[in-house]
Amino acid sequence: MGKKGKEKNTVNKAKHTKLLNRKKNKLKKEKETRKERLKTIMANHREQKKSEEKK
């Protein structure tokens, strides 16, 4: 049988999912920025190697 009356704890559940979504988005964003930083570092490293080889 279903419960009668107002649904229990929906406000807290909504807040919780909101916070979890924020956390997930933050982690995704950090992961993407790390990838971008690594790409730039690797590109700079390759350019330095090429310039050293030419000399």
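Worth saying up front: this structure is predicted, and the values here are computed from it rather than measured.

What counts, and at which threshold
- Residues numbered from 1 in each chain as written.
- Predicted model: local features only at pLDDT ≥ 70, side-chain atom pairs only at ≥ 80, totals over all residues.
- Heavy atoms only, no water.
- Helix = DSSP H or I, 4+ residues; strand = E, 2+ residues; numbered from the N terminus.
- Rg over C-alpha atoms; globule rule 2.2 N^0.38 Å.
- Areas by Shrake-Rupley, 256 points an atom, 1.4 Å probe, with all protein chains shown as cover.
- Expected span 1.5 Å × (residues − 1).
- Buried < 20%, exposed > 50% of the residue type's maximum accessible area, 1.4 Å probe, protein only.

### Considerations on the overall build of the protein
Within the protein, the secondary structure is distributed over one helix and zero strands. Relative to its length of 55 residues, the protein is extended, with a C-alpha radius of gyration of 24 Å against a globular reference of 10 Å. Structurally, the protein occupies a C-alpha span of about 80 × 20 × 5 Å along its principal axes. Element-wise, carbon and sulfur atoms account for 54% of the exposed surface of the protein, whose accessible area totals about 6300 Å².

### A short note on the environment of Lys49
For Lys49, the position within the fold is in helix 1 (residues 10-54). Sequence separation between Lys49 and Lys4 is 45 residues; the distance between their C-alpha atoms is 72 Å.

### Some thoughts on helix 1
The end-to-end C-alpha distance of helix 1, which contains 45 residues, comes to 66 Å, matching closely the 66 Å that a straight helix rising 1.5 Å per residue would cover. Counting buried positions along helix 1 gives zero out of 45 residues, so the element sits mostly on the surface.

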